[in-house]
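# Summary of the model geometry
The lines below spell out each chain.
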Amino acid sequence: MAGKLYLCATPIGNLQDMTFRVLETLKEVDVIAAEDTRNSIKLLNHFDIHTSMTSYHEYNKVEKALYLISLMQEGKNVALITDAGTPAISDPGEVLVRMCHESGITVTSLPGPAACITALTLSGLSTRRFCFEGFLPGNDDKKGRKQILEELANESRTMIVYEAPHHLRAVLKDLYESLGDRKITICRELTKKFEDIQPTSLSGAIKFYEENEPRGEYVLVIEGRSLAQKELEKQEKWQEMTIEEHMEYYENQGVSHKDAMKKVAADRGVGKREIYQELLKSQENQ
């Protein structure tokens, strides 16, 4: 019988966040695949875990995945851990998971810490709808970075972005230029002794980090664009047309006169009767 892949979440800072289930699993599996074995050995030593490890990271993710799958096909169980948090989130583990599914290997996830969710719950911003962007493309991929920022500018959900300290100032400025002055909560050193949660604005954050050196790993939680503002801008765009041109736009698509009035009224955020009255005035003035 084939073995199984266990996705094991590890602490993002505070070792007491390790779950009993993950500890038990790491002791019982045949192999632990770790993003950085030098980092993970400290974790295993702390909890007196002696399971053998192998490296699994960005630069060997396909080749090593094939090796791990072969072990599981032989009946061995494998645990996957990342340096911190839940594997397969902004992490090469997603490749191993996909290849396991393609090979008929059972995958299960052991829930635990995730920096993105921890930061979101601390942000004070809307948690009903959110999106995770991870790390933005670097300056070596300016086209990709610009494209992502343009997409985020219209995003109405709360956005979560990861950033390293040496890139923080640049990314804050890029976000401000693309999104405008939004609310942002800057989360640093999550779950650690010097955890710092800073609700502010993009302009306020830029000013703060002009005067203070960024330190530690950052999670940025950014306010989405207001749906009401998006709707208002859409209505204002239609105002560039006359009502007659707006009606013609729909009627040229085969929409009936009556239905065109409904659509025009909806586009402009007014009642159908108001559109009818305006059309009457226009006809009287001809």
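Located above this text is the structure these notes cover.
What follows is about the overall build of the chain. When its secondary structure is counted, the chain shows twelve helices and ten strands. A compact globule built from 286 residues would reach a C-alpha radius of gyration of about 19 Å, whereas the chain, at 26 Å, exceeds it by more than 25%. By the burial criterion, 42% of the 286 residues in the chain qualify as buried. Here the analysis covers contacts within the chain between residues at least 6 apart in sequence; of these, 68% occur between residues at least 24 apart. Of the roughly 16300 Å² of accessible surface on the chain, a fraction of 48% belongs to carbon and sulfur atoms.

Below, the discussion takes up the sheet that holds strand β3 (residues 53–55). Read from one edge of the open sheet, five strands run β3-β2-β4-β1-β5, paired in parallel fashion. The two strands at the open ends of the sheet, each matched to only one other strand, are β3 and β5 (106–110). When strand polarity is set aside, the average angle formed by the axes of neighbouring strands in this sheet is 25°. When strand β2 (residues 31–34) meets strand β4 (residues 78–81), the two strands line up parallel, connected through four bridges. Looking across to β4, one finds that Ile32 is bridged to Ala79.

Here the structure, examined in full by the defined rule, presents seven salt bridges. Among the ionic pairs, Lys61 bridges to Glu58, the shortest N-O distance being 2.7 Å. Judged by relative accessible area, which is 41%, Glu58 ranks as partly exposed. For Glu213, the salt bridge goes to Arg169, with nearest N and O atoms at 3.6 Å.

Our next topic: the state of the cysteines. Scanning all chains against the criterion turns up zero disulfides. Counting only cysteine sulfurs, Cys100 is the nearest neighbor of Cys8, a cysteine outside any disulfide, at a range of 13 Å. Judged by relative accessible area, which is 0%, Cys8 ranks as buried. This cysteine, Cys187, is not joined by any disulfide, and Cys116 carries the nearest cysteine sulfur, 11 Å off. Using a relative accessible area of 0% as the deciding quantity, one classes Cys187 as buried.

Another aspect to go through is the environment of Cys187. Inspection of the secondary structure puts Cys187 in strand β8 (residues 183–188). Distance from Cys187 to Thr118, taken between C-alpha atoms, is 9.3 Å for residues 69 residues apart in sequence. When residues no more than four places from it in sequence are discounted, the contact partners of Cys187 are Ala119, Asp196, Ile197, Glu217, Tyr218 and Val219.

The interhelical angle for the contact between helix α10 (residues 243–251) and helix α11 (residues 257–268), taken along N-to-C directions, is 125°, at an axis separation of 9 Å. In terms of orientation, α10 and α11 fall into the oblique class. Every pair of crossing elements has a handedness; the one defined by α10 and α11 is right-handed. Contact residues: α10 offers Ile243, His246, Met247, Tyr250 and Glu251, while α11 offers His257, Ala260, Met261, Lys263, Val264, Asp267 and Arg268. Of the residues belonging to the contact of α10 with α11, the class tally is six nonpolar, two polar and four charged.

The side-chain alternation of β2 yields two buried faces, one formed by Val31 and Ala33 and the other by Ile32 and Ala34. Where β2 lies against β3, three bridges are found, and the strand directions are parallel. Paired with Ile32 across the bridge in β3 is Met53. Since β2 and β3 lie parallel, the crossover through helix α2 (residues 37–46) that links them has a hand, and here it is right-handed.

What counts and how
- Residues numbered from 1 in each chain as written.
- Predicted model: local features only at pLDDT ≥ 70, side-chain atom pairs only at ≥ 80, totals over all residues.
- Heavy atoms only, no water.
- Helix = DSSP H or I, 4+ residues; strand = E, 2+ residues; numbered from the N terminus.
- Rg over C-alpha atoms; globule rule 2.2 N^0.38 Å.
- Buried < 20%, exposed > 50% of the residue type's maximum accessible area, 1.4 Å probe, protein only.
- Contact = heavy atoms within 4.5 Å.
- Areas by Shrake-Rupley, 256 points an atom, 1.4 Å probe, with all protein chains shown as cover.
- Pairing = 2+ DSSP bridges.
- Axes fitted to C-alpha atoms, helices over the stretch in contact; angles between N-to-C directions.
- Salt bridge = Lys/Arg side-chain N within 4 Å of Asp/Glu carboxyl O.
- Disulfide = S-S within 2.5 Å.
- Parallel < 35°, antiparallel > 145°, perpendicular 65-115°, else oblique.
- Left-handed = near helix turned anticlockwise from the far one by under 90°.
- Nonpolar A, V, L, I, M, F, W, Y, C, P; charged D, E, K, R; others polar.
- Right-handed = clockwise from strand over helix to strand, strands pointing away.

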